Structures are given as C-alpha cells and as structure tokens.
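Read off the chains here:
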Amino acid sequence: MKILHNTDLQPFNTFNINSIAAEIFVIESMDDFENNLKFPLKNIKIWGGGSNILLTQPQSDTILKIETKGKNILQENDNEAIVKVAAGENWHQFVLWSLENKLYGLENLSLIPGTVGACPIQNIGAYGVEVKSVIENVEAIDLETGKTLTFANQDCEFGYRDSIFKSKYKGKYLITSVIFKLSKKPNIKIGYGDVQKILAENGISNPTPSDVSNAIISIRQSKLPDPKEVGNAGSFFKNPIIPIDLFDNLKQKFDNIPSYPIDNESIKIPAGWIIEKCGWKGFRESNFGVHPNQALVLVNYGGASGKSIHHLAQKIQSDCYEKMGIKLEMEVNVW
Ligand code: FAD
Ligand code: NAP
C-alpha cells in the first residue's frame, strides 16, 4: 500500500478541482485490504475514479484510493458467465473486455467514467440500461469491523441512480469486488435516444453488441464535454420523478414538456430540460458554468473552486423550485 501526504487531488477528479488531501492510502491489492488496514476505520473517504465528486474544501479525512485489479470468469455455461471484477478496475475498460470475450449486457453502459467498485453505488445507468440488471453480488468490507460480506442483488436495494450503499449504508462499506452475470446471447436495446439513428446512418440494420457500444461511444463523445478538456462530473442533478398532479399543472404552462412515465402516479422529467427552461443553459461566470449543449452538466473551465460550482448548483436548485415547483436533487457527491 502506498501512502501519500499533502497531495493535490486535482489529477484524480474529473471536475479538475484543486484540493489538498492530508493523507491518501493507495490500495493496490486484496492483501492491502486484509493486512494493511486497521479496523475500525474512522474518518475516511473511499475514492474510485473521482468522476462523481465535487471537492469544496481541503480533505482532512484519510482517502482510500481503490486501485485493485482483476477480472475472472468464475463459472460459465452455453448461455452465460459469472465474472468477478476487482473494485479498482476501470469501468469502460471492463465493458470493452466483456465485448472482446463475447459476454453481453454492458454495451449500453459504454464510456461511463469511473471504477467497477463505484458502479453499484448509484446503480449507474445510461441508454435504457441500469447496472443492476447484470449484478449478481457485491462483495464489501465493513469499515467498522473489517469483516467481508456478500450482498446479493436484491439486498442492494437498487433504485433510480440509487442503492443501499448511497442511502441506509452510506459510508459503511468498502466495495472490494462486483460479481456480474453476463449473457452469451446478445439482447440488443436500441430504443433509446439517437442510438438507432446513428446505427442507421452507418448502414447497420442488424447491430451486434459491439455496434451498439460504438454508437453509444460516438453519441457520448459528441454530446458530453471531455473531462480532460473541460472539468465536469457528468449529470450534476438527478432527473426528478414527480407526481402526476404536478406534471398536469406544468403541462398547462409548457405544452412540450418531455416526460417518461414511471408508474400510474409518477413521471420522470429530464432535469436538463427544466434547467434550460429556467434559463441556465450556457450560463457562465468567469471560469465555471452550465454547459452550453447539455444543461445537466456543470463545468469547470479551468481553475474554478468547488465552492463556487456548488454555490451555482444551489442557485439553480432554488430558481427551478421557484419557477417550476420541482426540487432538483444533486447526483454528484459534494465533499
Ligand atoms: P467516485 O467519483 O470516486 O466516487 C463516487 C462515490 O462512490 C463516492 O461516494 C465514493 O465514496 C463511492 N465509492 C467509489 N468507489 C467505492 C468503493 N469501492 N466502495 C465503496 N464506495 C465507493 N453516471 C451514470 O450513472 N451514468 C452515466 O451515463 C454517467 N456518465 C458520466 C459522464 C461523465 C463525463 C462523467 C464525468 C460522469 C458520468 N457519470 C455517469 C457519473 C460517474 O461516472 C459514475 O457515478 C461512476 O460510477 C463514478 O465512479 P468513480 O469510480 O469515479 O467514483
Ligand atoms: P437524453 O437522451 O438527452 O435524454 C434526456 C433525459 O431523458 C435522460 O436523462 C433520460 O433519463 C430521459 N430519457 C430519454 N429517453 C428516454 C427513454 N426512452 N426512456 C426513459 N427515459 C428517457 O440524455 P443524455 O443527457 O444525452 O444522456 C444519455 C444517457 O446517458 C441517459 O441515460 C443519461 O442518464 C446517461 N448519462 C448520465 C450521466 C450521469 O452523470 N449520470 C451523464 C451523461 C449521460 P435517464 O437519465 O433516466 O436515462
């Protein structure tokens, strides 16, 4: 285990925010979890790829930066394979590895930044697929006792960009590995957004999972700012799920309000549309602002402080509430 002191976290977070960490433990092997950490672990924060974090102050807690590696097929038959992946593996590299090995189910989640260990935390999702659909088990260490536990899929209480690790057990467990059940039979899902359109433009009428992955990679590259160029953490807010009554009221005012039904009582509204309607799309104040093409993404144009971005997020929240009666919830972890 490497130990770093008084280290700038800027290279480790996709918002590119400068912030000093008093102490970082870089965890590179299972042996580090088992032998080098002393339990109970108190005043710590777990760090994956830093793609869902906004730093607003120097970090006095010890940071456990998870860099463990390993992808193993535990079992397989003609139809599926059970794959165990270490928490520190890069998510997108794992998606590409699954496609190379003709194991399917992850293709719609291509090019999401971050690590495998973080994927269950907010049940990452994109283009009509959530990771909960392929997670079999999550292995984790209790930070209080050091005991290893296995959570079955249903124990993780996965919800929309949510899980037990983000709610009831927030900060209680360190995820060491995720076990996936991947299919050997493609199940193509292209009913979302521009995926079908891009495939058609490329003359693909019968897409393979790799075709779907490539189409999604190209859409994401064209729509989202690259954190290497413009700091960001993807969607800053969750898409709100609102009661039908509120939706009916809004519909009278905004005839073209986009919506996706959840059940008989609630409906999902794209937060990006709300923020745009409230006039924030493209807003810029010195070196930070709201992305001009995607209002859901707050950006650091270089050298902005996390506090100023957080302050902007709070202003957007209260303005959208005042104008539309909708409370936007932050998806990004503000530390
Ligand atoms: P971090 O940012 O390092 O941490 C996030 C949270 O997880 C923290 O609370 C941290 O403590 C906890 N955590 C991390 N690793 C562990 C572990 N091993 N054990 C316990 N807790 C842990 N998200 C989506 O859902 N869909 C998208 O399509 C999407 N697109 C994005 C696009 C861009 C350009 C960016 C910058 C972000 C996007 N995100 C998306 C958000 C982000 O990529 C995901 O939330 C990702 O899973 C975060 O992984 P990470 O390793 O960077 O986690
Ligand atoms: P988009 O296609 O412009 O759509 C805007 C929103 O409408 C999305 O957030 C999506 O909700 C919802 N939506 C669109 N089509 C839908 C459908 N057929 N059924 C249900 N909901 C639908 O979105 P985008 O911003 O370009 O992002 C594309 C995908 O990548 C989305 O799934 C988005 O969540 C994901 N993404 C996530 C992040 C992040 O940081 N969390 C960042 C970038 C992209 P959902 O978000 O529920 O899908």
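What you see is a predicted model; the values in this text were computed from it and never measured.

Conventions adopted
- Throughout this document, residue positions are counted from 1 along each chain, in the order its sequence is written.
- Note on labels: chains are lettered from A, ligands numbered from 1, in written order.
- Per-residue local features of the predicted model are confined to residues with pLDDT of at least 70, and side-chain atom pairs are confined, for both listing and counting, to 80 or more; whole-chain, interface and lining totals are unaffected and use all residues.
- To get the side-chain values, all heavy atoms of the structure are used, and hydrogens and water are removed first.
- Numbered from the N terminus, helices here are DSSP runs of H or I no shorter than four residues, and strands are runs of E no shorter than two.
- Note that the radius of gyration is over C-alpha atoms, with the globule rule given as 2.2 Å times the number of residues to the power 0.38.
- Throughout, exposure labels follow a simple rule: accessible area from a 1.4 Å probe, protein chains only, divided by the maximum for the residue type, with under 20% read as buried, over 50% as exposed, and the rest as partly exposed.
- Pairs of residues are marked as contacts when any of their non-hydrogen atoms sit within 4.5 Å.
- To be clear on the numbers: accessible area is Shrake-Rupley with a 1.4 Å probe, and residue cover counts the displayed protein chains and nothing else.
- A single heavy atom is enough: if one lies within 4 Å of a molecule or strand, its residue is considered near that molecule or strand.
- Two N or O atoms count as a polar contact when they lie within 3.5 Å, although within protein this holds only if one can serve as hydrogen donor and the other as acceptor, and sequence-adjacent residues are included solely when both atoms are side-chain atoms.
- Polar here means any residue other than Ala, Val, Leu, Ile, Met, Phe, Trp, Tyr, Cys and Pro, which are nonpolar, and Asp, Glu, Lys and Arg, which are charged; Gly is therefore polar.
- These domain boundaries are the output of an automatic or database domain assignment.
- For two strands to be treated as a pair, DSSP must find no fewer than two bridges joining them.
- Angular values range over 0 to 180 degrees, each being the angle between N-to-C directions of two axes fitted as lines to C-alpha atoms, with helices fitted over their stretch in contact.

Okay, the overall build of the protein next. If you tally the helices and strands in the protein, you get seven helices and 20 strands. For a compact globule of 335 residues, the expected C-alpha radius of gyration is about 20 Å, and the protein comes in at 20 Å, within 12% of that figure. The principal-axis extents of the C-alpha atoms in the protein amount to approximately 60 × 50 × 35 Å. A burial count over the protein gives 48% of its 335 residues as buried. A separation threshold of at least 6 residues defines the contact pool for the protein, and within that pool the share at least 24 residues apart is 61%. When the accessible surface of the protein is split by element, carbon and sulfur atoms take 46% of a total near 16100 Å².

A few words on unusual backbone geometry. In this structure, Pro40 follows Phe39 across a cis peptide bond, with omega equal to 0°. Note on placement: Pro40 falls in the loop between helix H1 (30–36) and strand E3 (44–47). Backbone geometry places Asn43, a non-glycine residue, at a positive phi of 50°. Here Asn43 lies in the loop between H1 and E3. Assessed through its relative accessible area of 60%, Asn43 is described here as exposed. You will see that Glu157, though not glycine, has its phi angle at about 45°, which is positive. Relative to the assigned elements, Glu157 resides in the loop between strand E11 (148–152) and strand E12 (173–183).

Let us now look at the site of ligand 2. Among the 17 residues in the neighbourhood of ligand 2, the closest are listed as Arg161, Tyr192, Lys223, Lys268 and Gln294. Interatomic distance of 2.8 Å between a side-chain N/O atom of Tyr160 and an oxygen atom of ligand 2. Side-chain polar atom of Tyr192 to an oxygen atom of ligand 2: 2.8 Å apart, as the coordinates give it. Counting residues per element, the ones that place at least two in the shell around ligand 2 are strand E8 (125–126) and helix H4 (209–223). Across the shell around ligand 2, the residue classes tally to seven nonpolar, five polar and five charged. There are two domains that each give the shell around ligand 2 at least three residues, and those are domain 2 (71–183) and domain 3 (231–334).

Across the sheet, which stays open at both edges, the four strands sit in the order E1-E2-E5-E3 with mixed pairing between neighbours. Because the sheet does not close on itself, it has two edges, and the strands there are strand E1 (2–8) and E3. Neighbour-to-neighbour, the strand axes of the sheet open up by a mean angle of 30°, direction not taken into account. Pairing of E1 with strand E2 (residues 20–27) involves six bridges; the strand directions are antiparallel. Residue Asp8 lies in a different strand from E2, and its bridge partner there is Ile20.

Among the eight residues of strand E5 (residues 59–66), six are classified as buried, and the element is accordingly described as predominantly covered. Taken together, the six bridges between E2 and E5 define a ladder with parallel strand orientation. Bridging across to E5, Ala21 finds its partner in Gln59. Here E3 pairs with E5 via four bridges, running parallel. If you follow Lys45 over to E5, its bridge partner there is Ile63.

Right, let's get into the sheet that holds strand E19 (residues 298–300). Strands sit in the order E13-E19-E18-E17 across an open sheet of four strands; the sheet is antiparallel. Strands with a single pairing partner mark the edges of an open sheet, and in this sheet they are strand E13 (231–232) and strand E17 (284–285). Note that E17 and strand E18 (residues 288–290) share two bridges and pair antiparallel. Opposite Arg284, over in E18, you have Gly289 as the bridge partner.

Moving on, we get to the site of ligand 1. Neighbouring ligand 1 are 31 residues, the closest being Ile46, Gly49, Ser51, Thr115 and Arg220. Interatomic distance of 2.7 Å between a backbone N/O atom of Gly49 and an oxygen atom of ligand 1. Here a nitrogen atom of ligand 1 sits 2.8 Å away from a polar atom, N or O, in the main chain of Ile175. For ligand 1, the accessible surface in isolation is 980 Å², of which the surrounding protein chains cover 93%. Those elements that place two or more of their residues in the shell around ligand 1 are E3, E8 and E12. Per element, the largest residue contribution to the shell around ligand 1 is three residues, and it comes from E12. Here the residues of the shell around ligand 1 sort into 15 nonpolar, 14 polar and two charged.

The analysis is restricted to geometry; functional conclusions fall outside its scope.
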